[in-house]
Amino acid sequence: MGLAFQISIPVTRATPCVRRAALDRKHERRPRASVARASNLTSSKKTPAPLPEAVDAVFIGSGMGALTAAADLASKGASVAVLESYIIPGGSSGWFERKGFRFDAGASMIFGFGERGTTNLLTRALATVGKRIETVPDAVQVRYHLPDELDIKVHREYDEFLAGLIKRFPHEEKGIRKFYGACWSVFNSLNCMPLKSLEEPNYLLQVFAAHPIACLNLLRFIGRNAGDIARDHIKDETLLNFIDMECYSWSVVPADLTPMINAGMVFSDRHYGGINYPVGGVGRISEEIVAGIEECDGCSVHFRTRVSKILFDSMGAACGVKLVNGRTVSAKVVISNATRWDTFGEKGLVEAERVPPSEERFRERYVKSPSFCSLHMAVREKDLQVGMSEEQGMDCHHIMLDDWDEIETARDGKGTLFVSIPTVLDKSLAPPGMHIFHVFTPSWVDEWEGLSPKEYRAKKEAMLETVVARLEKKLFPGLKSAIEFSEVGSARTHRRYLGRVDGSYGPVAKKKLRGLLSMPFNRTDVDKLYCVGDSTFPGQGLNATAFSGFACAHRVAADLGIIGSLPGPIDRFLTDLLSRQRLKL
Ligand SMILES: NC(=O)c1ccc[n+]([C@@H]2O[C@H](COP(=O)([O-])OP(=O)(O)OC[C@H]3O[C@@H](n4cnc5c(N)ncnc54)[C@H](O)[C@@H]3O)[C@@H](O)[C@H]2O)c1
Ligand SMILES: CC(C)=CCC/C(C)=C/C=C/C(C)=C/C=C/C(C)=C/C=C/C=C(C)/C=C/C=C(C)/C=C/C=C(\C)CCC=C(C)C
C-alpha cells in the first residue's frame, strides 16, 4: 500500500475480533462461521451490558446500515456502542411474534446473500463478525400480475426470465436484451471490486488502479437513471410500464427517477447471488450480527435506549450523545442511523443552529417516500383454494396492480399490492398447516392522522377488507375465510416502531436527478458526525444499507487512524474536492 499513511490517533485496543480477522487474512480463509438454526428464534437473553461511558464510535439506531458499520468497525478493533430505542435490533428488518408465528416487519425479498463476488453484502456483513446463517434459495424473485394481462415470473435463471419476457414482447427482443444487458454491465463492474467508501481517496486511487475499466464503466452509469437507458432501447409503452413497475417495486419511484447503478444491482444480483430467505426469518440477520458485535471486546448493543440529542464539543464537533433518560455516552465519532429528517430536521437530533446548509440542499432534491400499510395475516392452508407449495407452483413474492395509472397514486389499498408468503420457503415460521401472508401497499401518514381510536381501527379494517377482496378475486380464492387472525400496521405504526419520520420508506428523488450523484455519502458537514442507512448512498434496500455500512466503517476507520489513508491534509483536500465536484452536478 504505497499510498497508505497511518494517522497516529490511538485506537482503544486490539480485540479478539481483530486478531481473528488478521488471522483469517493471513491464512486466506473465511472467518469462523456459526450457522444459526431456525429453532433458535429469540434474541440472546443474557444480561444486558452496562452502558459504556466512552467509546470510539457510538451508533444511533440498529438498522442494517448501523449494524453492518458497527460489525465492521468492531472487527477492525474499534470499541462501539449501538443504541437502539426499540426492544429488538434491525429497524425495518425487524420482526414480531404472535401465537407461534414469526412475522417479518418489512419485506422478505432479500438480496445480498450470494456466495460469490463482492456484492454479497449481507453474507459479508455477517462474516465480519464470524457469523453465517442458513438461507433457502427462492426459484422466482417475484411474480407480476399486472394490467394488460401481463403475468411475468422473474425466474432465478436469467435465461428463463428473459425467454418469458421476450415471448410476451417478441418485437422488443433486441431492446430487452440491451436494457438488461446494461444492468449486467453495471453489476459485473461492481462485483469485481472491493466495495468501500467512495469518499476515501486512497481507496479510490487503489480501486481505480486495480480495476480501471470497471471504474470507468461505473462512472458512465453513475449519473444516469434506469428510465433513460430503457428508453434508449425500448419503444413499446406496455413494456416501458413493466420496467417502471420493475423499478417501483423496490425503489418506490418509476424508472425515470431510479438510479441506474441500483437497477443494475437489483436486476442482475437476483439472477447471480439470487434471492435467498434466511431460515428463521429476516430478523435472524440482525440477531446474529448483534451477537457477533457483542463478542468483540469493548463492543455492546443496547435496547430501549433512545437518543434525544447529539452532543458537541467547544469546537463544534460531535462528541457523544444524550439519552432521553439524561445519561450520556462520549465518543470520538457519532454515527446516526436515524433518517436524515430525524437527524437534521425540526425536532431532530442536531439542534437547529448547528444544521449545516448542505442539508438544505438535500431537502431540495429528496423527499420522503410514502409509508406502507402492512397487513400481516395468519392463514389456514386447508381453506385456500390454491396449492401453496413451491412444487404446486406457488411463489413467495407477488406484485399485483389493476390499472397502470394507479401504480403510485392509488390510496386505501387500491394501488400496488406487494405480497410476501415466506412460509412457502420456510415452514418453521408458522405452526403446521399455516401460512404467513404479509401484504403491503403504499400509504401516506396524513391518511391516518386526526382519527379517533375507533375511526383508526375502522380504517384498518376497511383496508384489510379491500385488499383481501382484491387478492381473493385474482390470486387466492378462499383467502377471507382462511384468515385465522390478522394485524394491520399503518404509516403511524411504522413511524412509532421504526422511529422513521412519517413512517417513510426512505428518501426518493423530488425531481429527475442525475442518478446517484447527489446522494450524500457518510460524512456530514458536521465534524465527527456521520450518517448511515438509507438516507445515504446508495439509498433504500437491505443490501444497499449494508453497502452504506461498509462504506461508513471504512471512512470512519480511516478518520480514526485504524486503517491507513492519505496524509490528513491531502485526504481532506481530495475528499472535499470530490464532494464539491459531485455536488455541482
Ligand atoms: N429487502 C427487503 O426486503 C428489506 C427488508 C427490511 C428492510 N429493508 C430496508 O432497510 C432499509 C432501512 O435500513 P436503515 O439502516 O436505513 O435503518 P432502519 O430505519 O431500518 O433502522 C433505524 C433504526 O434506528 C432506530 N432509531 C431511530 N432513531 C433513534 C434514536 N433517536 N435513538 C435510538 N434508536 C433510534 C430505529 O428504532 C430503527 O431500529 C430500508 O431502506 C429498507 O429498504 C429491506
Ligand atoms: C474511482 C472513481 C472516481 C469512481 C469509480 C466509480 C465507482 C467505483 C463507483 C462505485 C459505485 C458503487 C460502489 C455503488 C454501489 C452500489 C450498490 C451496492 C447498490 C446497491 C443497491 C441495492 C438495492 C437498491 C437493493 C434494493 C432492494 C430492495 C429495496 C428490496 C426490497 C424489496 C421490496 C420492498 C419489494 C418487495 C416485494 C414484494 C413482492 C414483497
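What counts, and at which threshold
- Residues numbered from 1 in each chain as written.
- Chains lettered and ligands numbered in written order.
- Predicted model: local features only at pLDDT ≥ 70, side-chain atom pairs only at ≥ 80, totals over all residues.
- Helix = DSSP H or I, 4+ residues; strand = E, 2+ residues; numbered from the N terminus.
- Rg over C-alpha atoms; globule rule 2.2 N^0.38 Å.
- Buried ≥ 20, exposed ≤ 12 C-beta atoms within 10 Å, placed from the backbone.
- Near = placed C-beta within 6 Å.
- Nonpolar A, V, L, I, M, F, W, Y, C, P; charged D, E, K, R; others polar.
- Contact = placed C-beta atoms within 7 Å.
- Axes fitted to C-alpha atoms, helices over the stretch in contact; angles between N-to-C directions.
- Core = buried A, V, L, I, M, F, W, Y, C linked by C-beta atoms within 7 Å.
- Domains from an automatic or database assignment.
- Arc of directions from axis to C-beta.
- Pairing = 2+ DSSP bridges.
- Parallel < 35°, antiparallel > 145°, perpendicular 65-115°, else oblique.
- Left-handed = near helix turned anticlockwise from the far one by under 90°.
- Expected span 1.5 Å × (residues − 1).
- UniProt positions renumbered as here; feature names shortened; annotations may be inferred.

### A short note on the overall build of the protein chain
Here comes step 1: From N to C terminus, the protein chain includes 18 helices and 22 strands.
Here comes step 2: In terms of overall size, the protein chain behaves like a compact globule, its C-alpha atoms giving a radius of gyration of 23 Å where 585 residues would be expected to give roughly 25 Å.
Here comes step 3: With the principal axes as the frame, the protein chain shows a C-alpha extent of 65 × 55 × 50 Å.
Here comes step 4: Out of the 585 residues belonging to the protein chain, those deemed buried represent 52%.

### Observations regarding the site of ligand 2
Here comes step 1: Of all residues adjacent to ligand 2, which total 32 residues, the nearest are Trp250, Asn262, Gly541, Ala544 and Phe547.
Here comes step 2: Among the elements of the structure, helix H6 (201-210), helix H7 (212-222), helix H9 (237-251), helix H10 (260-272), strand S17 (397-400), strand S18 (417-420) and helix H17 (542-559) are those that each provide at least two residues to the shell around ligand 2.
Here comes step 3: The class makeup of the residues in the shell around ligand 2 is 24 nonpolar, 8 polar and no charged.

### Focus on the environment of Gly65
Here comes step 1: Tracing the backbone through its elements, the reader meets Gly65 in helix H2 (residues 64-75).
Here comes step 2: Between the C-alpha atoms of Gly65 and Glu287, which are 222 residues apart in sequence, the distance is 14 Å.
Here comes step 3: Those residues in contact with Gly65, other than ones at most four positions away along the chain, are Asn337, Val532, Gly533, Asp534, Thr545, Ser548 and Gly549.

### Remarks on unusual backbone geometry
Here comes step 1: In this chain, Phe537 is followed by Pro538 through a cis amide linkage whose omega measures 5°.
Here comes step 2: Along the chain, Pro538 falls in the loop between strand S22 (529-531) and H17.
Here comes step 3: Its identity is not glycine, yet Asp502 carries a phi of approximately 55°, on the positive side.
Here comes step 4: Relative to the assigned elements, Asp502 resides in the loop between helix H16 (491-498) and strand S21 (507-509).

### Topic: the packing of H7 against H10
Here comes step 1: In contact at an axis separation of 8 Å, H7 and H10 are set at 115° when each is read in the N-to-C sense. Every residue of H10 that contacts H7 at Leu218, Phe221 and Ile222 is listed here: Met260, Ile261 and Gly264.
Here comes step 2: Residue composition of the contact of H7 with H10, by class: 5 nonpolar, 1 polar and no charged.

### Topic: the nonpolar core
Here comes step 1: Ranked by size, the top nonpolar core spans 157 residues in total, and within it Ala57, Ala70, Val80, Ile293 and Ile335 carry the most contacts.
Here comes step 2: Considering each element in turn, this core owes the most residues, 11 residues, to H17.
Here comes step 3: The contact partners of Ile335, leaving out residues within four places of it in the chain, are Ala57, Phe59, Ala66, Ala69, Tyr530, Val532, Cys552 and Val556.

### Here we look at the domain arrangement of the protein chain
Here comes step 1: Under the domain assignment, the protein chain is made up of domain 1 (16-95 + 106-133 + 279-366 + 520-584), domain 2 (159-267) and domain 3 (370-502).
Here comes step 2: Between domain 2 and domain 3, the contact holds 5 residues from the first and 6 residues from the second.

### Focus on the site of ligand 1
Here comes step 1: Of all residues adjacent to ligand 1, which total 35 residues, the nearest are Gly61, Gly63, Gly91, Gly106 and Gly533.
Here comes step 2: Among the elements that make up the shell around ligand 1, the one with the highest residue count is H2 (3 residues).
Here comes step 3: Residues belonging to the shell around ligand 1 are distributed by class as follows: 13 nonpolar, 17 polar and 5 charged.
Here comes step 4: Of the domains in this structure, domain 1 (16-95 + 106-133 + 279-366 + 520-584) and domain 3 (370-502) are the two that each give at least three residues to the shell around ligand 1.

### A word on helix H8 (residues 226-233)
Here comes step 1: The set of residues buried in H8 consists of Ala226, Gly227, Ile229 and Ala230. Looking straight down H8, one finds that the buried residues subtend no more than 165° of arc, so they occupy a single side.

### Let's talk about the pairing of strand S4 (residues 95-98)
Here comes step 1: Where S4 lies against strand S5 (residues 101-104), 4 bridges are found, and the strand directions are antiparallel. Pairing of Glu97 across the sheet is with Arg102, part of S5.
Here comes step 2: In this antiparallel pair of consecutive strands, S4 and S5, the connection spans 2 residues, and Lys99 shows a positive phi of 45°.

### Re the packing of H2 against helix H11 (residues 283-294)
Here comes step 1: Where H2 meets H11, the closest approach of the two axes is 9 Å, and the angle between their N-to-C directions is 30°. As judged from the angle between their axes, H2 and H11 are roughly parallel. Where H2 crosses over H11, the handedness of that crossing is left-handed. Here Met64, Leu67, Ala70, Ala71 and Ala74 of H2 come into contact with H11, specifically with Ser286, Ile289, Val290, Gly292 and Ile293.

### Examining the sheet that holds S18
Within a sheet, neighbouring strands are paired by backbone hydrogen bonds and run either parallel or antiparallel to one another.
Here comes step 1: Strand order in the open sheet formed by 7 strands is S9-S8-S17-S18-S19-S16-S20, and the pairing between neighbours is mixed. Single-partner strands in this sheet number two, and they are strand S9 (150-155) and strand S20 (483-489). Neighbour-to-neighbour, the strand axes of this sheet turn through a mean angle of 15°, independent of strand direction.
Here comes step 2: Contacts between H9 and the sheet are confined to strand S8 (140-146), S9 and S17, with S8 contributing the most and set at about 130° to the helix.
Here comes step 3: Sitting on the sheet, H16 touches strand S16 (371-380), strand S19 (434-443) and S20, and the angle it makes with S16 is about 95°.

### Regarding H17
Here comes step 1: The end-to-end C-alpha distance of H17, which contains 18 residues, comes to 26 Å, matching closely the 26 Å that a straight helix rising 1.5 Å per residue would cover.
Here comes step 2: With 18 of its 18 residues buried, H17 lies for the most part within the structure.
Here comes step 3: A positive backbone phi angle near 80° is found at Gly561, which sits one or two residues after H17.

### Description of the UniProt feature "domain: Amine oxidase" (unreviewed entry) in the protein chain
Here comes step 1: The UniProt record marks residues 67-469 with the feature "domain: Amine oxidase" (unreviewed entry), using the residue numbering of this structure.
Here comes step 2: Helix makes up 36% of residues 67-469 and strand 22%, whereas the separation of the span's terminal C-alpha atoms amounts to 39 Å.

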